[in-house]
Amino acid sequence: MRVAVQAEAFDYGAESAAFAAAAEGAGAVVTFLGVVRDNGGALTAMEIEHYPGMTEKAIAGIVDQAAGRWPLTDALVIHRHGRLAPGEAIMMVATASRHRAAAFAAADFLMDYLKSRAPFWKKEIGADGAEWVAATEADEAALDRW
Amino acid sequence: MSEIDVLYFAWVRERIGLPRERVTTGAATVAALVAELAAREDRYAAAFADVSALRVALDQDLADFDAPLDGVREVAFFPPMTGG
């Protein structure tokens, strides 16, 4: 299990390939990539603030929860912070398990929890100014599924 | 009285105008600390006007506003998180 919180870009293809290569014994690997939306050209940049220290701790806790619920052989979370341009990769999740249902469910669970329980805050920078992205009730409701 | 590091993130940080500060307080709970801070100046009152819009972490773990501050060294206030 690996958690990385970083400003630097990551290589989704290389990370996914390395994760799959190391997933010995797993019959299923699921990967997810989150990308900055351009909002129809209205977005200049996305700024992601985080809480150094708590971020790593919170994500590790979320990964532990996932590993407690599904028989994962491995998991990976990479999440960036700082200023990102539209189209840039924000974060990725990878899960490995013997069967696909567990790998899919764990990846979905990780995404729901990273969205509203890991201390990141997104700010959208546009031509007309900047605005903090508000959390939605749907984000919170998504946690009730689990 | 004890010394606590108080951290602010996102619009809470912008509204108060600083990312962190050391606070000397006798507040027994998060809610009591919020009341002390809100009474300081308008910018604090504005940031803490609606605590239902805020979240709090004690020593980097999410907590409730009625949680005690016994032994806590770091308190952080921020809006609901928007990761992923």
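Residues numbered from 1 in each chain as written. Chains lettered and ligands numbered in written order. Predicted model: local features only at pLDDT ≥ 70, side-chain atom pairs only at ≥ 80, totals over all residues.

A look at the overall build of chain A
In terms of regular secondary structure, chain A is built from four helices and eight strands. Listing each helix as α and each strand as β along chain A from the N terminus yields β-α-β-β-α-β-β-β-α-β-β-α. Over its C-alpha atoms chain A spans a radius of gyration of 16 Å, differing by no more than 12% from the 15 Å that the globule rule assigns to 146 residues. For chain A, the spread of C-alpha atoms along the three principal axes comes to 50 × 35 × 30 Å. Looking at chain A as a whole, 36% of its 146 residues are labelled buried. (Helix = DSSP H or I, 4+ residues; strand = E, 2+ residues; numbered from the N terminus. Rg over C-alpha atoms; globule rule 2.2 N^0.38 Å. Buried ≥ 20, exposed ≤ 12 C-beta atoms within 10 Å, placed from the backbone.)

Some details on the interface of chain B and chain A
Contacts between chain B and chain A engage 13 residues on the former and 21 residues on the latter. The set of elements that each furnish at least two residues to the side of chain B that touches chain A consists of α1 (10-16) and β5 (74-78) of chain B. Grouping the constituent residues of the side of chain B that touches chain A by class yields nine nonpolar, four polar and no charged. (Contact = placed C-beta atoms within 7 Å. Nonpolar A, V, L, I, M, F, W, Y, C, P; charged D, E, K, R; others polar.)

Side note on unusual backbone geometry
Residues and elements named next belong to chain B. Even without being glycine, Ala 10 reaches a positive phi, approximately 55°. Within the fold, Ala 10 resides in helix α1. Taking the number of C-beta atoms within 10 Å as the measure of exposure, Ala 10 has 24 and is therefore buried. A positive phi angle is found at Asp 59, which is not glycine, with a value near 45°. Looking at the secondary structure, you find Asp 59 in the loop between β3 (55-58) and β4 (61-63).

A few points about the sheet that holds strand β4 (residues 72-80) of chain A
Residues and elements named next belong to chain A. Strand order in the open sheet formed by four strands is β1-β4-β6-β2, and the pairing between neighbours is mixed. Sheet topology places β1 (2-6) and β2 (28-35) at the edges, where each strand pairs with a single neighbour. Neighbouring strand axes in the sheet, compared pairwise and without regard to direction, differ in orientation by 5° on average. In the sheet, β4 pairs with strand β6 (residues 89-97) via seven bridges, with the strands oriented antiparallel. Bridging across to β6, Ala 75 finds its partner in Thr 95. Docked against the sheet, helix α1 (residues 12-22) engages β2, β4 and β6, running at close to 15° with respect to β6. Docked against the sheet, helix α3 (residues 100-117) engages β2, β4 and β6, running at close to 145° with respect to β6. (Pairing = 2+ DSSP bridges. Axes fitted to C-alpha atoms, helices over the stretch in contact; angles between N-to-C directions.)

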